[in-house]
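# Tertiary structure, described
Residue-level listing of the chains:
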Amino acid sequence: MATAMTIQNIKKKPLPAGLPREWYESHNRRLKAMRLAISLLDSGTYDARRATNRKIRTMAVRTGIHRPSNVTCRMVRAFIQAA
């Protein structure tokens, strides 16, 4: 009989200090877009053309992520297209 695997949380490291504000904003935007793209792929949206801004923003509400901007929505579609 197989034993249950325990998944250990990855220890988060702080972001490097001293970088321009734009770097932090783009880093967080990429993380948000990746989380949304994964959620959309898990829900069955495999085509970037079907991932409208409305669908992406609805998924954000469902998953508890703040409303994404138009730029973030474009990033989500780019991630889905690359997948």
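On a predicted model such as this, the values are computed, not experimentally measured, just so you know.

Take the packing of helix α1 (residues 21–43) against helix α2 (residues 53–63) next. One can describe the packing of α1 onto α2 by two numbers: an axis separation of 10 Å at closest approach and a directional angle of 95°. As the angle between them shows, α1 and α2 are arranged roughly perpendicular. On α2, the residues touching Leu36, Ser39, Leu40 and Ser43 of α1 are Lys55, Ile56, Met59, Ala60 and Thr63. Here the residues of the contact of α1 with α2 are counted per class, giving 5 nonpolar, 3 polar and 1 charged.

A separate point is the pattern of salt bridges. Evaluated as defined, the whole model comprises 2 salt bridges. Asp47 is the partner of Arg49 in a salt bridge, and the nearest nitrogen-oxygen pair spans 3.2 Å. Owing to a relative accessible area of 27%, Asp47 belongs among the partly exposed residues under this scheme.

The rules behind each value
Residues numbered from 1 in each chain as written. Predicted model: local features only at pLDDT ≥ 70, side-chain atom pairs only at ≥ 80, totals over all residues. Heavy atoms only, no water. Axes fitted to C-alpha atoms, helices over the stretch in contact; angles between N-to-C directions. Helix = DSSP H or I, 4+ residues; strand = E, 2+ residues; numbered from the N terminus. Parallel < 35°, antiparallel > 145°, perpendicular 65-115°, else oblique. Contact = heavy atoms within 4.5 Å. Nonpolar A, V, L, I, M, F, W, Y, C, P; charged D, E, K, R; others polar. Salt bridge = Lys/Arg side-chain N within 4 Å of Asp/Glu carboxyl O. Buried < 20%, exposed > 50% of the residue type's maximum accessible area, 1.4 Å probe, protein only.

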